[in-house]
Amino acid sequence: MTVSYKDLGLVNSKDLFAKAVAGGYAIPAYNFNNLEQLQAILQACVETKSPVILQVSSGARKYANATLLRNMAKGAVEYVKELGYEIPIVLHLDHGDTFELCKDCIDNGFSSVMIDGSHHSYEENVALTKKVVEYAHAHGVTVEGELGVLAGVEDDVVAEKSTYTRPEEVEDFVAKTGVDSLAISIGTSHGANKFTPEQCTKNEDGVLTPPMLRFDILEEIEKRIPGFPIVLHGSSSVPQDQVATINQFGGALKDAVGIPEEWLRKAAKSAVCKINIDSDGRLAMTAAIRKVMAEKPGEFDPRKYLGPARDSLKELYKHKNEDVLGSAGQA
Ligand SMILES: O=C(CO)COP(=O)(O)O
Ligand SMILES: O=C[C@H](O)COP(=O)(O)O
Ligand SMILES: [Zn+2]
Ligand SMILES: [Zn+2]
């Protein structure tokens, strides 16, 4: 049995990206694996009237089960109506690594998929991405490709060092593959330790400022494919208050540093129309859970710690939509 995203009330990313590029804002792409994350994302996006991309990694799919996830996305569409304001919802595969995984997601209600062929040779990346685009477009599903490698862990692939996107490849890649959007590498990376302390400058209060993103590469890409939707992965800012709360209540996060929000504001105004944030949400939930666990050691009802974690996550995402990405009010 196959299920089309259209039957679930979801939308693909085509029109959302066109509007976001023209309007100088970015659509939030938030990862989810469980009920509380989904609730927080939807509540935040309804309250801020923001379109949203619900992202599912292959790890999330293994964790939560494909059938349950599909039905959660279907439930999401009904739930936002109950919340009183209909926002466009995209269900997106994050870092798909094979044609088979992308096909399975398309056949199971996803409205958008990423095929991340950036770990292959350029020619193999083109061939793999083109194959996914052909199947996806036949089903009305949009496709994100990637050029350049982000440092850090992407599903099972570990890249020690990043390789910046080569602007001279983007026109050819977009033309040959037919992708709808392109993820690029300009210095962001996945996780909560995006830079080593040695790469950063430290002020007198010990606050680390990372090296500037390669906005020059982004500008060069924009010149070569004007108005084409660009995606920024690894865009968590790693809020230091959350890190401090985690460490205050028994955590051990060392040298955690992210992308300053000011840089994301700047990116969102450019052709960057999708910004991926996962780690910040993980930090917010972990901080809230650790706090409850430490302050109320007698508590053993999961709702009593997952509830505060959900509420903290919601506040974080409202802040992102309103103050960083500019997606608030665009639904
Ligand atoms: O890019 C991401 C998901 O694809 C998430 O990045 P962060 O780890 O910076 O949140
Ligand atoms: O790109 C990475 C995302 O944050 C998803 O992470 P995950 O593969 O651990 O689910
Ligand atoms: Zn990648
Ligand atoms: Zn990513």
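This report concerns the structure included in the present document. On a predicted model such as this, the values are computed, not experimentally measured, just so you know.

**Points about the pattern of salt bridges**
For the coordinates displayed, the defined rule picks out 22 salt bridges. A salt bridge links Arg 214 to Asp 216, with the shortest nitrogen-to-oxygen separation between them at 2.8 Å. For Asp 216, a relative accessible area of 42% translates into the label partly exposed. The partner of Asp 301 in a salt bridge is Lys 304, and the shortest N-O contact between them spans 3.9 Å. Residue class for Asp 301 comes out buried when judged on its relative accessible area of 19%. The partly exposed category is assigned to Lys 304, whose relative accessible area is 45%.

**Re the site of ligand 1**
Not every one of the 16 residues close to ligand 1 is listed here, only the nearest: Asp 94, Lys 194, Ser 236, Asp 278 and Ser 279. The side chain of His 95 places a nitrogen or oxygen atom 3.2 Å from an oxygen atom of ligand 1. Taking Asn 276, its side chain carries an N or O atom lying 3.1 Å from an oxygen atom of ligand 1. In isolation ligand 1 has 310 Å² of accessible area, and contact with the protein removes 96% of it. Of all elements in the fold, only strand S3 (89-96) and strand S12 (272-277) reach the threshold of two or more residues within the shell around ligand 1.

Calculation notes
- Residues numbered from 1 in each chain as written.
- Chains lettered and ligands numbered in written order.
- Predicted model: local features only at pLDDT ≥ 70, side-chain atom pairs only at ≥ 80, totals over all residues.
- Heavy atoms only, no water.
- Salt bridge = Lys/Arg side-chain N within 4 Å of Asp/Glu carboxyl O.
- Buried < 20%, exposed > 50% of the residue type's maximum accessible area, 1.4 Å probe, protein only.
- Near = heavy atom within 4 Å.
- Polar contact = N/O pair within 3.5 Å; in protein donor to acceptor, adjacent residues only side chain to side chain.
- Areas by Shrake-Rupley, 256 points an atom, 1.4 Å probe, with all protein chains shown as cover.
- Helix = DSSP H or I, 4+ residues; strand = E, 2+ residues; numbered from the N terminus.

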